[in-house]
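# Topology and contacts: notes
So you can see what is in the structure, the chains are spelled out below.
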Amino acid sequence: MNIKQIRNATLIVEYAGKKFLIDPMLAEKGTYPPFPNSLRQDQFNPLVSLPTSIENIIHDIDAVIVTHLHLDHFDDVAKEVLPKDIKMFVQNEEDAAEVRNAGFQNVDALQEDTVFEGIQLIKTKGEHGRGEILKLAGLVCGVVFKHSNEKTLYVAGDTVWYDAVQEVIDTNKPEIIVVNGGNNQFFEGGSLIMGKEDIYEVYKSAPNAQIIVSHMEAVNHWTLSKKELKSFLDEKGISSTVLIPEDGESYSL
């Protein structure tokens, strides 16, 4: 497989001969207002530019996976530029209805046994924060990819570390794990996605897996920098196991 970090949580995953675009946020730098009640209120989102053109990003995509409908995972530009007949996978029927309302004609809700072109796509649970903030953050999902010719891949999505993530790892034994790890948060409510200690828990639960950390330094409410995370990983002696890609960087696995 090949996993390419685009920007924020946007990835291109080439898996078993098919090309997936995950959580497309495709606007130009500075298009959207900052997320309120959080850091960097003077900086518009996204904070950084795409590493390549939209044409290159969406070229030859076989399917799109949208783990939830927050702006930084499925934005207005993605709705505009993606072909309306492209295969779209979302987390539930509520999201499917919204995506259909945006004009997309080939939308399915992920199940625990979805199969696309011979690739098993297993919807996984996630919690977009802890406690009261969950009511505001709403439902999210991740996805496990399985195919006889590939290693098992777990894209965890916007979740903190909790028992359901452990369960996914124990059940599916993924060899590759992508986590969203910018420790994004508002001034109240705590972490919305993984911070460094969460990432360390993922490592401890799957010490032989290759872990890739996405969703960093691209929207205004991030609190964990790549530099800080790298120092933490160096201290733990796991910097070769937990990778922090730059935008545009890809890994063949």
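See the structure shown above.
Residues numbered from 1 in each chain as written. Predicted model: local features only at pLDDT ≥ 70, side-chain atom pairs only at ≥ 80, totals over all residues. Heavy atoms only, no water.

### Let's talk about the pairing of strand β1 (residues 2–7)
For β1, the tally of buried residues reaches five of six residues, placing the bulk of the element in the interior. Direction of pairing for β1 relative to strand β2 (residues 10–15): antiparallel, over a ladder of five bridges. Each bridged residue has a counterpart across the sheet, and for R7 the counterpart in β2 is T10. Linkage of β1 to β2, two consecutive antiparallel strands, is achieved through a turn of two residues, within which N8 is found at a positive phi near 55°. Two elements, β1 and strand β14 (residues 250–252), share three bridges in a ladder whose sense is antiparallel. Across the sheet, residue I3 finds its bridge partner in β14, namely Y251. (Buried < 20%, exposed > 50% of the residue type's maximum accessible area, 1.4 Å probe, protein only. Helix = DSSP H or I, 4+ residues; strand = E, 2+ residues; numbered from the N terminus. Pairing = 2+ DSSP bridges.)

### Thoughts on the pattern of salt bridges
This structure, assessed with the given rule, holds nine salt bridges. Across the salt bridge formed by D76 and K79, the nearest N and O atoms sit 4.0 Å from each other. In this pair, D76 and K79 both sit in helix α2 (residues 76–81), three residues apart, roughly one turn of the helix. Among the residues examined, D76 registers a relative accessible area of 45% and is labelled partly exposed. The partner of K230 in a salt bridge is D234, with the nearest N and O atoms 3.3 Å apart. One end of the pair, K230, and the other, D234, are both in helix α7 (residues 226–236), four residues apart, so they sit about a helical turn from each other. By relative accessible area, which is 45% here, K230 ends up partly exposed. On the accessibility criterion, D234 (41% relative accessible area) is partly exposed. (Salt bridge = Lys/Arg side-chain N within 4 Å of Asp/Glu carboxyl O.)

### Here's the deal with the nonpolar core
Core analysis: the biggest nonpolar cluster contains 29 residues, and Y154, I169, I177, V179, V202 and L229 have the highest contact counts within it. Listed by contribution, the elements that provide at least two residues to this core are α5 (163–172), β11 (176–180), α6 (196–205), β12 (210–214) and α7. Counting residues in each nonpolar core, the second largest holds 26 residues, with I57, V77, A96 and V99 among its members. (Core = buried A, V, L, I, M, F, W, Y, C linked by side-chain atoms within 4.5 Å.)

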